[in-house]
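# Descriptive analysis of the structure
Chain by chain, the residues:
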Amino acid sequence: MASLRTATPQLRNYFKENYIPQVCEALLCGLLITCPEDPLKYLQKMIITIMENGLESLLWDMCIDPSMRPKIRRLSETYMEQLFGLDDQLMTPELMIKACTFYTGHLVKTHFCTWRDIAIPLISEDELAEKMEKAREYDNFRLQKYIFRLWHSYTEGQKKLLTVTLVRIRRMCRRYKLLAILTKWRDKAQHKYKKREEELILKHELQLLKWRSKLKCNVVAKEEFLFPEHSASEVSLGSEVPECDISLFPERVISRIFAYLTLRDIIICGQVCHSWMLMTQGSSLWNSIDFSAVKNIITDKYIVSTLQRWRLNVLRLNFRGCVLRLKTLRSVSLCRNLQELNVSDCPTLTDESMRYISEGCPGVLYLNLSNTTITNRTMRILPRYFQNLQNLSLAYCRKFTDKGLRYLNLGNGCHKLMYLDLSGCTQISVQGFRNIANSCTGIMHLTINDMPTLTDNCVKALVEKCPRITSVVFIGAPHISDCAFKALSTCKLRKIRFEGNKRITDACFKFIDKNYPNINHIYMADCKRITNGSLKSLSPLKQLTVLNLANCIRIGDMGLKQFLDGPVSIRIRELNLSNCIHLSDVSIVKLSERCPNLNYLSLRNCEYLTDLGIEYMVNIFSLLSVDLSGTHISNEAFCKGSLILEHLDVSYCPQLTDEIIKALAIYCICLTSLSVAGCPKITDSAMEVLSAKCHYLHILDISGCVLLTDQMLEDLQRGCKQLRILKMQYCRCISKEAAKRMSSIVQQQEYNPSDPPFWFGYDYEGKPLKKQNEETPLKGDEEVILTESTHNSEEELA
């Protein structure tokens, strides 16, 4: 048995080395029994036979020792045929294979069981007990390992839970700490804000007291108001005025100072003295000459002499509205370096005069021919001589035709033209716009206002060959629809301006969102079909800074909220929502939260705004201009946060009192324009405070303030030295004499001493009126006085 055990591994190795099939391994059991002395010999013989002749040559007794073989003769085919007959279906190859397979398997199983009994020795009880003990130890070890894994996962979960708890505790502590810091900062800020407000109020009171004491002590000021000529001479002789010789300033500073003066003022300054005359002869002052400001008093002779003298220095000329002779217009051709020429509204301008100008001034870049009688002859001249022309205005010129526009392509053409204004040119057809597209392919800014004949086909014909258009202005073009926006999708628009259109819908704003991501100016006033969906489409625009949707009455709080929730709210600087009557305080709250850079805000006639919403405007510190006219506000709290406010319109807010004027005087001392028209509760005391603090006021509208008297004008004269425009309609307590004296100080004044009309909503005493269908007739002695400070004469220019 020992030799048999040792032989078995050798046989197995032999099988592996010679790649013997697994079936032959089963025959090993039989070899160990039938040939115990030399089983390898018979096995090799059997393998060689199989490899040479195949399994079919294998005999069942091939591996049996010849001495042990049974003495039974093998059946021949004849015996098989005798036993089973000659029918092939009784003994098929398939049946034979199944029989051999079964027999071989049975034989292998029998020999394998015998080999197992011989090869595997019996195990003793001690060995079995030892193995059982090892099995128990192994099982205990696996159980401990499993329990340890469960404990480890549990402890890891507890650690994570503890870590999360600690993080939450730290966050809560940090939150409470920040809350405490924020509370402390808020209390400190409130205290500082309250202290600053008290200081401002105290400073305001001190300044007001100083102002009033100065008025009481300064008797000369009263005499100056009553006798301006006499008192002014006395003050000039009696008071010490510090000397300041402006001629000692550098030439650059002098030029900057005189640049703010008009042509008439420069001429008057040249008559003061010899040094001032020399200062007015600086060449830089005559680079730009505006004759339109003195068109009613200047003569052709003076224009010709001026152009002859400064012909080499003149770069810009403005003859707007001047009635000039042909000889005067021909003198423009002397200015060889001329770059800008404005001859709009000149009724005497003809094609002949334009020919002289074009021949002498080939370097013109800006040309304004609006509202003149030019024809196709001038259109033929433009491309021939003005080859560098960049800005052309043909607004309201109705004498040229489509053929004249075709002339723009002659010679070198007007291919450098970037700005074109065709407002009011109703004679232009679709073919005319095709001619423009063929001639001026570089147009970037297009303005076509007051043109009811403008259609979508005109825009399509122009856009086909002008892909560089970045700005379009179509005011008064009612036949433009969403199709025009679709045609403009090939351009990179940055500015869109429409007004008074009823065919534009929310669909056009979808084109804007998809095709114009860099647009920064949208002006869609009085477009009735625009709804909240349009504002939602505009919310993704990151470059939008100006949005004007005035008179779009379908816009409400929801649309504005969706608009401000997008990135556009950060960059928006100007927002006009006048007459959007569905807006309420919710919109003001959203504006205060999302618009930190808002400079201009108009909420005119938004009836649902209340004082509660207006108070949130104090959080918009960047406001420069606010229009709240026609609302029902009575609170002035928003003035406290608008320290840089320059323009304020709270007209037709009858609930406002003197408190808003006093708040403006305290917090908004940089105010330059104020309108409180239709506010009947404003009195002289409020205007006194305003005059004492707001010294930069240029424009003031107090129409309908029925409680104001002549004292208000005295205060304005003393405090608001820079006042230029004053409107005093329906101020019956202001006398005609005081209004006349004030007209000599301001540049433009409107005065009417009659009672307020019925649509103001109150009578001459400021009391509310009952609803009435007809206006109360005016008194016979009521009149309207409109004066302007244009008391000039030809002698002043001599």
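Conventions adopted
Residues numbered from 1 in each chain as written. Predicted model: local features only at pLDDT ≥ 70, side-chain atom pairs only at ≥ 80, totals over all residues. Heavy atoms only, no water. Helix = DSSP H or I, 4+ residues; strand = E, 2+ residues; numbered from the N terminus. Buried < 20%, exposed > 50% of the residue type's maximum accessible area, 1.4 Å probe, protein only. Contact = heavy atoms within 4.5 Å. Areas by Shrake-Rupley, 256 points an atom, 1.4 Å probe, with all protein chains shown as cover. Phe/Tyr/Trp six-rings, centres within 6.5 Å; stacked < 30°, edge-to-face > 60°. Lys NZ or Arg CZ within 6 Å of the ring centre and 35° of its normal. Pairing = 2+ DSSP bridges. Right-handed = clockwise from strand over helix to strand, strands pointing away. pLDDT = per-residue confidence, 0-100. Salt bridge = Lys/Arg side-chain N within 4 Å of Asp/Glu carboxyl O. Axes fitted to C-alpha atoms, helices over the stretch in contact; angles between N-to-C directions. Parallel < 35°, antiparallel > 145°, perpendicular 65-115°, else oblique. Left-handed = near helix turned anticlockwise from the far one by under 90°. Nonpolar A, V, L, I, M, F, W, Y, C, P; charged D, E, K, R; others polar. Core = buried A, V, L, I, M, F, W, Y, C linked by side-chain atoms within 4.5 Å. Patch = residues over 30% accessible without salt bridge, like charges linked within 9 Å, V, L, I, M, F, W, Y side chains within 5 Å. Lys, Arg positive; Asp, Glu negative; His and termini not counted. Charge placed at Lys NZ, Arg CZ, Asp CG, Glu CD. Polar contact = N/O pair within 3.5 Å; in protein donor to acceptor, adjacent residues only side chain to side chain. Disulfide = S-S within 2.5 Å.

### As for the overall build of the chain
When its secondary structure is counted, the chain shows 29 helices and 20 strands. A total of 798 residues make up the chain; the buried ones form 41% of that total. Counting only contacts in the chain whose residues sit at least 6 apart along the sequence, the fraction spanning at least 24 positions is 70%. Entry remark: accessible area of the chain is about 45,900 Å², with carbon and sulfur atoms responsible for 56%.

### Focus: helix H18 (residues 456-463)
Counting buried residues along H18, six of its eight residues qualify, which places the element largely inside the surrounding structure. Asp 456, Cys 458, Val 459, Ala 461, Leu 462 and Val 463 are the residues of H18 that are buried.

### Some points on the packing of aromatic side chains
Inspection of the entire model under this criterion finds eleven aromatic pairs. Look at Tyr 730 and Phe 760: their rings are 5.4 Å apart centre to centre, the planes differ by 70 degrees, and that puts the pair in the edge-to-face class. With Tyr 730 in the loop between strand E18 (725-729) and helix H29 (736-743) and Phe 760 in the loop between strand E19 (748-752) and strand E20 (785-788), the pair connects residues that are 30 residues apart, well separated along the chain. Pair check on accessibility: Tyr 730 and Phe 760 agree, each one buried. Through a chain of ring-to-ring contacts, the aromatic side chains of Tyr 652, Tyr 730, Trp 759, Phe 760 and Tyr 762 assemble into a single cluster. Above the plane of the ring of Tyr 356 lies Arg 355, whose end atom (NZ or CZ) is 4.7 Å from the centre. Positioned above the aromatic ring of Tyr 523 is the side chain of Arg 497, whose terminal nitrogen or guanidinium carbon lies 4.1 Å from the ring centre.

### A look at the pairing of E18
Bridge analysis of strand E17 (residues 699-701) against E18 gives three bridges, and the strand direction is parallel. Note on E18: the bridge partner recorded for Ile 699 is Ile 725. Where E18 lies against E19, five bridges are found, and the strand directions are parallel. Within E19, the position partnered with Lys 727 by the bridge is Glu 750. Taken together, E18, H29 and E19 constitute a β-α-β crossover, and its handedness is right-handed.

### Here's the deal with the confidence of the model for the chain
Put simply, the chain has an average pLDDT of 82, and 82% of its residues get 70 or more. Across residues 1-8 the pLDDT falls below 50, and counting only partners more than four positions away or on other chains, this stretch makes seven contacts in the model. Per-residue pLDDT stays below 50 along residues 229-241; that stretch engages in five contacts with residues further than four places along the chain or on separate chains.

### Concerning the pattern of salt bridges
Oppositely charged side chains can form a pair if their charged atoms are brought close together. Going through the model one piece at a time under the given rule, you end up with 16 salt bridges. It is possible to trace a salt-bridge network through shared partners that takes in Glu 352, Arg 355, Glu 359 and Arg 377.

### Focus on the packing of helix H28 (residues 710-719) against H29
Running from amino to carboxyl end, H28 crosses H29 at an angle of 15 degrees, the nearest separation of the two axes being 9 Å. Between H28 and H29, the angle falls in the class roughly parallel. Seen along the crossing, H28 lies across H29 with a hand that is left-handed. For the pair H28 and H29, the contacting residues are Asp 710, Leu 713, Leu 716 and Gln 717 in the first and Ala 738, Ala 739 and Met 742 in the second. The residue makeup of the contact of H28 with H29, split by class, is five nonpolar, one polar and one charged.

### Brief notes about the nonpolar core
Generally speaking, a soluble globular protein has its nonpolar side chains buried in company with each other. Of all hydrophobic cores here, the largest spans 165 residues; its most connected members are Leu 317, Phe 319, Phe 433 and Met 524. No other element matches helix H26 (residues 658-667), which puts six residues into this core. In this structure, Trp 211, Ala 665, Val 689 and Ala 692 belong to the second largest nonpolar core, which totals five residues.

### Notes on unusual backbone geometry
Positive phi values are uncommon outside glycine, yet Asn 371 reaches one of about 60 degrees. For Asn 371, the position within the fold is in the loop between strand E4 (366-368) and helix H15 (376-385). Using a relative accessible area of 41% as the deciding quantity, one classes Asn 371 as partly exposed. Although it is not a glycine, Asn 551 adopts a positive phi angle of roughly 65 degrees. Looking at the secondary structure, you find Asn 551 in the loop between strand E11 (546-548) and helix H22 (557-564). Overall, Asn 551 belongs to the partly exposed group, its relative accessible area being 24%.

### What about the packing of H22 against helix H24 (residues 585-594)?
Their axes nearest at 9 Å, the elements H22 and H24 cross at an angle of 10 degrees. With respect to their mutual orientation, H22 and H24 come out roughly parallel. Note on element contacts: H24 touches H22 through Val 586, Ser 587, Lys 590, Leu 591 and Arg 594, opposite Asp 557, Leu 560, Lys 561 and Leu 564. Of the residues in the contact of H22 with H24, the class split is four nonpolar, one polar and four charged.

### Points about a nonpolar patch on the surface
Together, Leu 143, Tyr 146, Ile 147 and Leu 150 give the surface a local cluster of nonpolar side chains, amounting to about 410 Å² of exposed area. Structurally, the position occupied by Tyr 146 is in helix H6 (residues 125-217).

### Things to note about a positive patch on the surface
On the surface, Arg 380, Arg 384, Lys 403 and Arg 406 cluster together into a patch of positive charge. At the level of elements, H15 and helix H16 (402-406) are the ones that each hand at least two residues to the positive patch. Note on placement: Arg 406 falls in helix H16.

### Structural notes on the side chain of Ser 578
Secondary-structure assignment places Ser 578 in the loop between strand E12 (574-576) and H24. Discounting residues that sit within four places of it in the chain, Ser 578 has contacts with Leu 549, Ala 550, Asn 551, Ser 602 and Arg 604.

### Digging into the side chain of Asp 763
Looking at the element boundaries, Asp 763 is found in the loop between E19 and E20. Although Asp 763 lies buried, it forms no salt bridge, and the closest oppositely charged side chain, Lys 767, sits 6.0 Å away as judged by the N-O distance. Looking at Asp 763, its side chain comes within polar contact range of the main-chain nitrogen of Glu 765, at 3.1 Å. In this structure Asp 763 touches Val 706, Pro 756 and Leu 769, once residues within four positions along its chain are discounted.

### Re the state of the cysteines
Enumeration according to the criterion identifies zero disulfides in this entry. Among the cysteines around Cys 425, which has no disulfide bond, Cys 397 carries the closest sulfur, lying 6.0 Å off. For Cys 425, a relative accessible area of 0% translates into the label buried. Of all cysteine sulfurs in the structure, the one in Cys 679 sits closest to Cys 705, which takes part in no disulfide; the separation is 5.9 Å.

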